[in-house]
Structure formats: C-alpha cells, structure tokens
Amino acid sequence: MCPKRSSSIYSAGWISPSYRRAAAQLTYSYSQVSHVCTVQALDKFVEFIFSHTFEKVEGEAKTLWKYQRYILISSFKKLSRPPTPINWLVHILHCWCLFTMS
C-alpha cells in the first residue's frame, strides 16, 4: 500500500506566506520589465522602418523637385525678355501667332 501523503508538502503549506508574496512580486516585476523591454524593442523597430521610408520618400521628392524646377526655369527661358512695360506686347503677339497657326 502507498504511504499516505502529507497535505502540507503538496499544497505548499511549508512555504511561508512572506516567501509566496515575494515570489509573486518577483514574477510581477519580471513581467513588467519584460513588457517594457518588448515595447521599447518594438518602438525602435517601427522607428527604423518609418525613418527608412521617410528617407526613401525624401530622396524621390528631391529628384521630383529638381525636375519640376528645371521645367519652370526652361519655361521662363521661353518667355519674352523685354522689360515689364513692353512685355505685354510680346505676349499678345505670341498669342496671335498661336491662334493664326492653328
């Protein structure tokens, strides 16, 4: 026959309540620290992804801005060169040429 088991060993009655409280506090502290570390790691990962995306978009935006700047400068080269009081005549002549050629 099997010996009768003592209920105090299996029910952790031999551990004092202060040790149980300390173990629970250590478990809680460990879970909080691991949660904070996980959140910080996730935050750094998201920051890395967004900074990479920002750098990529910024590079493309600079290229696009330079291209649009070139178009604007080249369109100003096509405009008239006379001083301001006279340039309206050149614009009228330019419009007249566009309408008569079409």
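Bear in mind that the values here come from a model prediction, so they are computed numbers and not experimental data.

Here's the deal with the overall build of the protein
Part 1 of the reasoning: A tally of helices and strands in the protein yields 3 helices and 0 strands.
Part 2 of the reasoning: Going from the N terminus to the C terminus, the protein shows its helices and strands as α-α-α.
Part 3 of the reasoning: Out of the 102 residues belonging to the protein, those deemed buried represent 0%.
Part 4 of the reasoning: When the accessible surface of the protein is split by element, carbon and sulfur atoms take 69% of a total near 10,100 Å².

What about the confidence of the model for the protein?
Part 1 of the reasoning: Scored by pLDDT, the protein has a mean of 79; 82% of the residues are at 70 or more.
Part 2 of the reasoning: For the protein, per-element mean pLDDT is lowest for helix 1 (residues 7-10), which scores 49, and highest for helix 2 (residues 17-78), which scores 85.

Re a nonpolar patch on the surface
Part 1 of the reasoning: On the surface, L42, F45, V46, F48, I49 and F50 cluster together into a nonpolar patch covering about 630 Å² of accessible area.
Part 2 of the reasoning: Summarising the element assignment, F45 is placed in helix 2.

The rules we used
- Residues numbered from 1 in each chain as written.
- Predicted model: local features only at pLDDT ≥ 70, side-chain atom pairs only at ≥ 80, totals over all residues.
- Heavy atoms only, no water.
- Helix = DSSP H or I, 4+ residues; strand = E, 2+ residues; numbered from the N terminus.
- Buried < 20%, exposed > 50% of the residue type's maximum accessible area, 1.4 Å probe, protein only.
- Areas by Shrake-Rupley, 256 points an atom, 1.4 Å probe, with all protein chains shown as cover.
- pLDDT = per-residue confidence, 0-100.
- Patch = residues over 30% accessible without salt bridge, like charges linked within 9 Å, V, L, I, M, F, W, Y side chains within 5 Å.
- Salt bridge = Lys/Arg side-chain N within 4 Å of Asp/Glu carboxyl O.

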